[in-house]
Amino acid sequence: MPAREGSPKQQDAETVLSLERVSVERGGRAVLSEVTAEVRGGEVLAVFGPSGAGKTSLLRVVAGLLAPSGGSVRTPPGRLGYAFAEHRLLPWRTVLQNVLIPLGRREGRTARERALSLLDEFGVGGTADRRPAELSGGMRQRVALVRALVVRPALLLADEPLSAVDRQARRSAAAAARRHLGGAAALWVTHDPEEAAAVAERALLIGTGGRARLVPTSRLGSA
Ligand SMILES: Nc1ncnc2c1ncn2[C@@H]1O[C@H](COP(=O)(O)OP(=O)(O)OP(=O)(O)O)[C@@H](O)[C@H]1O
């Protein structure tokens with residue numbers, strides 16, 4: 001089988017995001033120490049660990065917003081999708097307009113239909129014509145997640161994207177996100193083992209001293 005376009009190495013064809021011995025310092029203090037992980041297209045890697053462990057810092061390094069103090073990061077060519085706990089929706093636009101913003105001029109009937117069907121699947125169907133301020137915090141987070149997915153990103157960076165959503169809807173939205181990632185790779189930060197298991201098979205568990213190891217998400221409840 002020929003190597004996929006853009007893949008630097010044949011044996012590496014499935015890996016679209018790779019972190020190799022990535023170290024991060026913040027405020028002169030070591031936060032992450034030699035983190036290594038590979039994520040395939042279509043795979044979500046949950047990022048798990050106590051508050052202050054360096055999860056957001058890791059996402060910022062992958063997004064190119066923070067320079068690592070050591071190691072290297074390779075990201076897939078194509079769009080980046082972001083979803084944060086803090087939703088960053090534009091207050092003066094409707095939900096549907098917010099979701100369609102990243103599509104720019106590509107917005108059309110098909111995009112609108114996809115957006116509406118995603119909103120529905122994430123449990124926020126019927127909010128399309130409302131303004132963000134009229135929604136609950138958990139609803140706004142799900143709208144922001146739909147906005148990140150509607151562009152079919154090559155890489156999704158999600159930082160506690162469902163932290164304000166109740167337990168049942170959170171699990172269902174996490175599972176919906178997984179279904180809609182297509183060939184995208186994703187890093188998904190969460191403090192909730194059930195959410196991690198609904199969205200990913202594997203987790204990067206960041207522990208004290210900024211060291212990380214890969215574990216099955218099924219084991220996070222007892223981690
Ligand atoms: N702008 C900054 N300048 C200096 N230190 C920072 C900065 N931002 C974060 N830190 C420190 O880096 C460490 C890791 O922070 P980070 O936000 O990555 O943790 P986290 O695992 O995402 O935490 P949480 O689960 O609470 O969101 C913390 O000790 C934090 O105090």
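Note that this is a predicted model, so its numbers are computed, not measured.

Engineer: Hey, could you run me through the sheet that holds strand β4 (residues 70–74) in this one?
Structural biologist: Note on sheets: strands pair through backbone hydrogen bonds, and any given pair is parallel or antiparallel. The strand order β2-β1-β4 describes an open sheet built from 3 strands, whose pairing is antiparallel. Strands with a single pairing partner mark the edges of an open sheet, and in this sheet they are β2 (29–40) and β4. On average, each strand axis in the sheet is inclined to that of its neighbour by 15°, with strand direction left out of account. Relative to β2, strand β1 (residues 15–26) runs antiparallel, the two sharing 8 bridges. When the sheet's bridge partners are listed, L17 is paired in β2 with V39. Across the sheet, helix α1 (residues 55–62) touches β1, β2 and β4, and the angle it forms with β1 is around 120°.

Engineer: Would you mind going over helix α3 (residues 109–121) with me for this structure?
Structural biologist: Owing to its 3.6 residues per turn, the α-helix brings residues three or four apart onto one side. A rise of 1.5 Å per residue sets the reference length of α3, with its 13 residues, at 18 Å; its end C-alpha atoms lie 18 Å apart and thus fit the reference within 8%. Among all positions in α3, only A111, R114, A115, L118 and L119 are buried. Within α3, the buried residues cover an arc of 135° as seen down the axis, which keeps them to one side. For α3, exposure combined with an orientation more than 90 degrees from the buried face picks out R109, T110 and D120. Looking at the residues trailing α3, positive phi occurs at G123, about 80°.

Engineer: Would you mind going over unusual backbone geometry with me for this structure?
Structural biologist: Phi at R152 takes a positive value of approximately 50°, unusual for a residue other than glycine. Mapping R152 onto the fold places it in the loop between α4 (137–149) and β6 (155–159). Taking the relative accessible area as the measure of exposure, R152 reaches 59% and is therefore exposed. For E160, which is not a glycine, the phi torsion comes out positive at approximately 45°. Here E160 shows up in the loop between β6 and α5 (167–180). Taking relative accessible area as the criterion, E160 reaches 25% and is therefore assigned partly exposed.

Engineer: Any chance you could explain the side chain of K55 here in plain terms?
Structural biologist: Mapped onto the secondary structure, K55 falls in helix α1. Look at K55: it is buried, it has no salt bridge, and the nearest opposite charge is E160 at 5.3 Å. Here G49 takes part through its backbone oxygen, which lies 3.0 Å from a polar atom of the side chain of K55. Within the structure, the side chain of K55 is placed 2.9 Å from the backbone oxygen of P50, a separation counted as a polar contact. Excluding its chain neighbours within four sequence positions, the residues that come into contact with K55 are V47, F48, G49, P50, V189, H191 and I206.

About the criteria used
Residue positions are counted from 1 within each chain, in the order its sequence is given. A pLDDT threshold of at least 70 governs which residues receive local features in this predicted model, and a stricter bar of 80 or more applies before side-chain atom pairs are shown or counted, although totals over entire chains, interfaces and linings include all residues. The side-chain values count all of the structure's non-hydrogen atoms but skip hydrogen atoms and water molecules. Strand pairing is defined by DSSP finding a minimum of two bridges between the two strands. Strands here are runs of E lasting at least two residues and helices are runs of H or I lasting at least four, both read from the DSSP assignment and numbered beginning at the N terminus. Where helices are involved, their axes are fitted lines through C-alpha atoms of the stretch in contact, as for all axes, and angles between N-to-C directions lie from 0 to 180°. It only takes one pair of heavy atoms within 4.5 Å for two residues to be counted as in contact. In this scheme, a helix's expected span is set at 1.5 Å multiplied by one less than its residue total. Only protein chains enter the accessibility calculation, which uses a 1.4 Å probe. A residue is then buried if its area is under 20% of the maximum for its type, exposed if over 50%, and partly exposed in between. The arc in question is traced by the directions running from the helix axis to the C-beta atoms. Counted as positive: Lys and Arg. Counted as negative: Asp and Glu, with His and the chain ends omitted from the count. Here, a salt bridge means any side-chain nitrogen of Lys or Arg that lies within 4 Å of a carboxyl oxygen of Asp or Glu. Any N or O atom pair separated by 3.5 Å or less is treated as a polar contact, with the protein-specific requirement of one donor-capable and one acceptor-capable atom, and with residues adjacent in sequence counted only for side-chain atom pairs.

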